[in-house]
Amino acid sequence: MNKHPNQAIRLWLVLGLLAYLLLPWYAIQDTAWYSVLPQIFAGPETANGLLQTVAHGRVWLGLGLVGLGLCAVSLWLPAGRAQSGWLLGGGLLGFVGLLASGFMIGARGWSFAALNTQFGELAVNQYGIGIGAFIALLALVMLTAFGLARRGYFKGDLFIASSVLGCSVLLLMFIAFPVTKALYGAFLNEEGHWAWSAIFERIGNERVWGLGCLSGGTRCGVAWNTLFLALLTATGTVVMGTMMALLAERSAGPRVQTPLRVVALLPIITPPFVVGLGLILLFGRAGVVNQFLEYAFGIPPTRWFYGLFGIWIAQLFAFTPIAFMIMRGVVQGVAPSMEEAAQTLRASRTKTFFTVTLPLLKPGLANAFLVGFIESIADFGNPIVVGGQFSVLSTEIFFAIVGAQYDQGKAASLAWILTMFALGVFALQRALLGKQSYTTVSGKGDAGIPMALPDGVRRLLNAVVYPWLAFTVVVYLFAFAGGFVQTWGRDYTLTFAHFNTAFGLEWGDFGLVWAGTAWNSFFTTVKLAGLAAPITAAVGLLIAYLLARTEFRGQGGFEFVALLAFAIPGTVLGVSYILAFNVPPVELTGTGLIIVLSFMFRNLPVGVRAGTAAFKQLDKSLDEASVMLRASTLQTLRHVVLPLLKPALVAALVYSFVRSMTTVSAVIFLVTAENELATSYIIGRVGNGDYGVALAYCTVLIILMSAAIALIQFLVGERKLGRRKIGLKPPTIAAH
């Protein structure tokens, strides 16, 4: 039996009205919103939206009620343009009215001097939106989307319309708005006034665009350094990630696959400064390699590792796992029947690999390259640790913000360059892929056996991947060892004192006592990362679905905004959040929610790219067949599409969780004493020279996140494509 066509409209109308009646309208400082529910009929600090409107002088909040009332009229009209007019009019009036009043009226009355001059002092102020205002605004957005669907947009699909509009509002509010507010500073002169020439004065110099390295000099400008490094890193991560994926899925036996995947993912579950420390212990001036060269060959130690080569190795080490996760799902999706068809036509395995298998990997290769490129230009941890005199844009921005100069205008101007680089690669990717089809999962039976790799390719993979994985293990052995010795470099006595300092447990008069100094940051990080990961994965895959399966105006801009969080350094994103969300209408600074949002939107692009690559392999006829059987779009997503997206879902969940646990740059300005994170604790210990405790904490994080990855793999499971396992040789084709 079909649902009533107005059921979704009724649901959101009820939610909007309940938000006005039963929830506190404004954010409550220093306490949870649910603790003040008994006081929603009390004073102006905790009152619901209705009382704020009629009893506490905030009459502008009535716009939302009027909007909901206009939308309610549509329930008495038949579905179509007449109903659309009431839904659009009411939804837009309520949403735009509430949002505009939120920006115009703040904690001190009018937010703009011009309004104060025009209308005089405002007797009543308002604070940041709370749970009641949020749900009411969300309801108005959904009702507006339903109005668009009733008018014929999005093929009349309420779910698609609400998803596009809802995701657009989220992206604009938590990516475009804060980033724009921060980048706006590039056009402000020293006096704080608008000046178009300000950005060119800050970046139009030899330091940024110099070409001295091409004319016999020693240095190029930081913009060219950044671009060259990003191209090297993106190429390297795509090559290594693809090699690992092919080896894991097409060559390695069952006994080798699990250790291979675990070791391949080790760098992604580690705080970035641990990798840098391990590399320095190996290749630094006093590292093992330099000491051996001096002992064996009399070569004096130098700083050869620091610079472009060192950063490139560190970034390869850090970002290859992302490419591996993306490419593994794409390799799994290649239909063996296509390879068997080529071999039936007497193509050799080598020719089949290069003319069939590799071309079908193009969407994954392009997505992995884009993510690797943007990760490289946004990274500042590795360039700071092993960069030496090789400067890049991210380090220049970092020092402009946290240095003594605190030049926000310079930081914003340099961030513009990063944004343009990211936009250029994004446009190039779209131009190369175009409208080509890479469908390999069509819903038809495919019990083919994946083609064994050509001997030459397999030998190359073995020669490259296994040494790289061995190198990974060596770096981590150094990192692990640092937490178990008294003082690295001086006293190598084995000890557990560092673990006891961080994670000690005691039994007191009232039971178990979490005595270690790291427990508070540990629990806070796990809680916030655990909240952010599933939301990030869900929103990322939903956006990927909208990009791959629907067409609507502004789709290119929609996709670019979804990727914008990767196009700027995490430090700039963190500062953007502070500037944008420390005053009404969205007042989040100092709360755990702002950290969750930072985690979510910083890590969102990987879910989007992994999902997009996976969707390109799924035949649209799967969706169409489900719809023809009278399933809704939501049912099709849940029962047909999502089970085939398990590799992309795992990639999004794993990446968002572990990067939330280990991120530094995006949250370093957002942490507080109440919301201290693992990375901020570790940085504090490193700053105090207490490397043993820092490395002990990192060891615990690595073990925790390895267990989390295994749990996610177990809960999500593997994608079932009805294919036989490698074990029996495919039937041979006689060739003459």
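Everything below is about the structure shown above.
Residues numbered from 1 in each chain as written. Predicted model: local features only at pLDDT ≥ 70, side-chain atom pairs only at ≥ 80, totals over all residues. Heavy atoms only, no water.

Undergrad: I would appreciate a short explanation of the pattern of salt bridges in the present structure.
TA: Pairs may arise between side chains of opposite charge once their charged atoms sit close together. Under the criterion given, the structure shown has 7 salt bridges. Residue glutamate 375 is joined to arginine 659 by a salt bridge in which the shortest nitrogen-to-oxygen separation is 3.4 Å. On the criterion of sequence distance, the pair formed by glutamate 375 in helix α17 (residues 362-378) and arginine 659 in helix α29 (residues 646-662) is long-range, its members being 284 residues apart. Connected via shared salt-bridge partners are Arg349, Asp455 and Arg458. (Salt bridge = Lys/Arg side-chain N within 4 Å of Asp/Glu carboxyl O. Helix = DSSP H or I, 4+ residues; strand = E, 2+ residues; numbered from the N terminus.)

Undergrad: What exactly am I supposed to notice about the packing of α29 against helix α31 (residues 691-716) here?
TA: For any two helices packed against each other, the geometry comes down to the angle between their axes and how far apart the axes lie. At a minimum axis distance of 10 Å, the contact between α29 and α31 shows a crossing angle of 160°. Put simply, α29 runs roughly antiparallel to α31. Pair α29 / α31 crosses with right-handed handedness. Contacts between α29 and α31 involve Lys646, Leu649, Val650, Leu653, Val654, Phe657, Val658, Met661 and Thr662 from the former and Leu701, Leu704, Met705, Ala708, Ile709, Ile712, Gln713 and Val716 from the latter. A per-class count over the contact of α29 with α31 returns 14 nonpolar, 2 polar and 1 charged. (Axes fitted to C-alpha atoms, helices over the stretch in contact; angles between N-to-C directions. Parallel < 35°, antiparallel > 145°, perpendicular 65-115°, else oblique. Left-handed = near helix turned anticlockwise from the far one by under 90°. Contact = heavy atoms within 4.5 Å. Nonpolar A, V, L, I, M, F, W, Y, C, P; charged D, E, K, R; others polar.)

Undergrad: Explain unusual backbone geometry here, please?
TA: Residues proline 584 and proline 585 are joined by a peptide bond in cis, for which omega reads 10°. Relative to the assigned elements, proline 585 resides in the loop between β7 (582-583) and β8 (586-587). A positive phi angle, close to 55°, is found at phenylalanine 154, a residue other than glycine. Note that phenylalanine 154 resides in the loop between α6 (131-150) and α7 (158-183). Notably, lysine 155 is not glycine yet its phi reads approximately 55°, a positive angle. By the secondary structure assignment, lysine 155 is in the loop between α6 and α7.

Undergrad: What should I look at first to understand helix α14 (residues 308-332) in this one?
TA: Residue pairs spaced three or four apart in an α-helix point in one direction, given the helix's 3.6 residues per turn. An ideal rise of 1.5 Å per residue puts 36 Å on 25 residues; α14 measures up with 35 Å between its terminal C-alpha atoms. Along α14, the sharpest change in direction is near 35° and occurs at phenylalanine 319; proline proline 321 comes one to four residues later. Counting buried residues along α14, 22 of its 25 residues qualify, which places the element largely inside the surrounding structure. (Expected span 1.5 Å × (residues − 1). Bend = angle between axes of the 7 residues up to and from the residue. Buried < 20%, exposed > 50% of the residue type's maximum accessible area, 1.4 Å probe, protein only.)

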